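Okay, here's what each chain looks like letter by letter:
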Amino acid sequence: IIGSGGDDMETAVSSCVSTHAVASQYFDPGTLVDIASRTKTQLSVAVVWHTIVTVSYWFMKKGREQCDRNMEHLNKLGRQMEELKKRNKELKEEHKAVAQSKKKKSGKKK
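Because the structure is predicted, anything quoted here is derived from the model rather than measured.

**Some words on the pattern of salt bridges**
Where charged atoms of side chains with opposite charge meet at close range, the side chains can pair.
Okay, so step 1: Under the criterion given, the structure shown has 2 salt bridges.
Okay, so step 2: Residue Lys-62 is joined to Glu-65 by a salt bridge in which the shortest nitrogen-to-oxygen separation is 3.7 Å. Of the two residues, Lys-62 and Glu-65 are both situated in helix α2 (residues 29-109); the distance of 3 residues between them amounts to about one turn of the helix.
Okay, so step 3: Residue Glu-65 is classed as partly exposed on the basis of its relative accessible area of 29%.

Below, the structure written as C-alpha coordinates:
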(Lines give C-alpha, C1' and ligand atoms only; values in the text may rest on other atoms or scores of the structure.)
Protein backbone atom coordinates (compact mmCIF):
# COMPACT_ATOMS: atom_id res chain seq x y z
CA ILE A 1 0.00 0.00 0.00
CA ILE A 2 2.75 2.43 0.90
CA GLY A 3 4.59 3.81 -2.10
CA SER A 4 1.78 3.17 -4.56
CA GLY A 5 1.34 6.79 -5.49
CA GLY A 6 0.68 10.24 -4.06
CA ASP A 7 -2.40 9.38 -2.12
CA ASP A 8 -0.88 6.63 0.10
CA MET A 9 -2.85 7.73 3.14
CA GLU A 10 -6.19 7.48 1.31
CA THR A 11 -5.31 4.03 0.02
CA ALA A 12 -4.29 2.84 3.52
CA VAL A 13 -7.48 4.19 5.09
CA SER A 14 -9.70 2.72 2.39
CA SER A 15 -7.88 -0.59 2.76
CA CYS A 16 -8.48 -0.59 6.54
CA VAL A 17 -12.13 0.34 6.08
CA SER A 18 -12.68 -2.39 3.53
CA THR A 19 -10.91 -4.90 5.78
CA HIS A 20 -13.14 -3.80 8.65
CA ALA A 21 -16.22 -4.16 6.47
CA VAL A 22 -15.22 -7.67 5.42
CA ALA A 23 -14.29 -8.63 8.98
CA SER A 24 -17.54 -7.27 10.41
CA GLN A 25 -19.43 -9.63 8.09
CA TYR A 26 -17.74 -12.61 9.70
CA PHE A 27 -17.17 -11.39 13.26
CA ASP A 28 -19.74 -9.83 15.49
CA PRO A 29 -18.13 -7.27 17.84
CA GLY A 30 -20.07 -8.90 20.69
CA THR A 31 -18.22 -12.14 20.11
CA LEU A 32 -15.00 -10.59 21.37
CA VAL A 33 -16.65 -10.04 24.73
CA ASP A 34 -18.11 -13.54 24.44
CA ILE A 35 -14.67 -15.00 23.79
CA ALA A 36 -13.21 -13.19 26.80
CA SER A 37 -15.94 -14.44 29.13
CA ARG A 38 -15.73 -17.93 27.64
CA THR A 39 -11.97 -17.92 28.24
CA LYS A 40 -12.51 -17.02 31.90
CA THR A 41 -15.13 -19.76 32.21
CA GLN A 42 -12.90 -22.28 30.47
CA LEU A 43 -10.03 -21.36 32.77
CA SER A 44 -12.12 -21.91 35.88
CA VAL A 45 -13.48 -25.18 34.47
CA ALA A 46 -9.93 -26.31 33.72
CA VAL A 47 -8.79 -25.44 37.24
CA VAL A 48 -11.71 -27.34 38.78
CA TRP A 49 -11.12 -30.33 36.49
CA HIS A 50 -7.40 -30.46 37.31
CA THR A 51 -8.18 -30.16 41.02
CA ILE A 52 -10.63 -33.05 40.84
CA VAL A 53 -8.16 -35.19 38.90
CA THR A 54 -5.34 -34.37 41.34
CA VAL A 55 -7.47 -35.21 44.37
CA SER A 56 -8.62 -38.43 42.68
CA TYR A 57 -5.05 -39.50 42.01
CA TRP A 58 -4.13 -38.67 45.63
CA PHE A 59 -6.99 -40.86 46.92
CA MET A 60 -5.98 -43.66 44.54
CA LYS A 61 -2.38 -43.42 45.76
CA LYS A 62 -3.50 -43.58 49.39
CA GLY A 63 -5.76 -46.54 48.62
CA ARG A 64 -2.93 -48.35 46.83
CA GLU A 65 -0.59 -47.72 49.78
CA GLN A 66 -3.24 -49.06 52.19
CA CYS A 67 -3.69 -52.18 50.03
CA ASP A 68 0.09 -52.72 49.98
CA ARG A 69 0.22 -52.42 53.79
CA ASN A 70 -2.68 -54.85 54.13
CA MET A 71 -0.96 -57.34 51.83
CA GLU A 72 2.25 -57.06 53.88
CA HIS A 73 0.27 -57.76 57.06
CA LEU A 74 -1.49 -60.72 55.42
CA ASN A 75 1.81 -62.17 54.20
CA LYS A 76 3.30 -61.75 57.68
CA LEU A 77 0.24 -63.39 59.24
CA GLY A 78 0.49 -66.24 56.73
CA ARG A 79 4.15 -66.84 57.65
CA GLN A 80 3.25 -66.78 61.35
CA MET A 81 0.44 -69.30 60.75
CA GLU A 82 2.82 -71.63 58.90
CA GLU A 83 5.32 -71.38 61.78
CA LEU A 84 2.54 -72.15 64.28
CA LYS A 85 1.42 -75.16 62.23
CA LYS A 86 4.99 -76.48 62.17
CA ARG A 87 5.35 -75.90 65.89
CA ASN A 88 2.02 -77.61 66.63
CA LYS A 89 3.02 -80.58 64.48
CA GLU A 90 6.32 -80.82 66.36
CA LEU A 91 4.51 -80.60 69.72
CA LYS A 92 2.03 -83.31 68.66
CA GLU A 93 4.91 -85.56 67.67
CA GLU A 94 6.63 -84.86 71.00
CA HIS A 95 3.44 -85.62 72.94
CA LYS A 96 2.91 -88.75 70.88
CA ALA A 97 6.47 -89.86 71.61
CA VAL A 98 6.06 -89.12 75.34
CA ALA A 99 2.74 -91.01 75.42
CA GLN A 100 4.30 -94.01 73.67
CA SER A 101 7.27 -94.02 76.05
CA LYS A 102 4.91 -93.85 79.05
CA LYS A 103 2.87 -96.67 77.55
CA LYS A 104 5.99 -98.76 77.09
CA LYS A 105 7.12 -98.04 80.66
CA SER A 106 3.71 -98.91 82.08
CA GLY A 107 3.62 -102.09 79.94
CA LYS A 108 7.02 -103.22 81.27
CA LYS A 109 5.99 -102.76 84.92
CA LYS A 110 3.04 -105.12 84.62
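**Brief notes about the packing of aromatic side chains**
Okay, so step 1: Per the stated rule, a full pass over the model turns up 1 aromatic pair.
Okay, so step 2: Ring centres of Trp-58 and Phe-59 lie 5.0 Å apart, and the angle between their planes is 70°; this geometry places the pair in the edge-to-face category.
Okay, so step 3: Residue Phe-59 is classed as exposed on the basis of its relative accessible area of 54%.

**Topic: a nonpolar patch on the surface**
Okay, so step 1: Where nonpolar side chains cluster on the molecular surface, the patch consists of Met-71, Leu-74, Leu-77, Met-81 and Leu-84 and spans about 490 Å² of accessible area.
Okay, so step 2: Summarising the element assignment, Met-71 is placed in helix α2.
Okay, so step 3: Under the relative-accessibility criterion, Met-71 is labelled partly exposed at 46%.

Each value, and the rule that gives it
Residues numbered from 1 in each chain as written. Predicted model: local features only at pLDDT ≥ 70, side-chain atom pairs only at ≥ 80, totals over all residues. Heavy atoms only, no water. Salt bridge = Lys/Arg side-chain N within 4 Å of Asp/Glu carboxyl O. Helix = DSSP H or I, 4+ residues; strand = E, 2+ residues; numbered from the N terminus. Buried < 20%, exposed > 50% of the residue type's maximum accessible area, 1.4 Å probe, protein only. Phe/Tyr/Trp six-rings, centres within 6.5 Å; stacked < 30°, edge-to-face > 60°. Patch = residues over 30% accessible without salt bridge, like charges linked within 9 Å, V, L, I, M, F, W, Y side chains within 5 Å. Areas by Shrake-Rupley, 256 points an atom, 1.4 Å probe, with all protein chains shown as cover.

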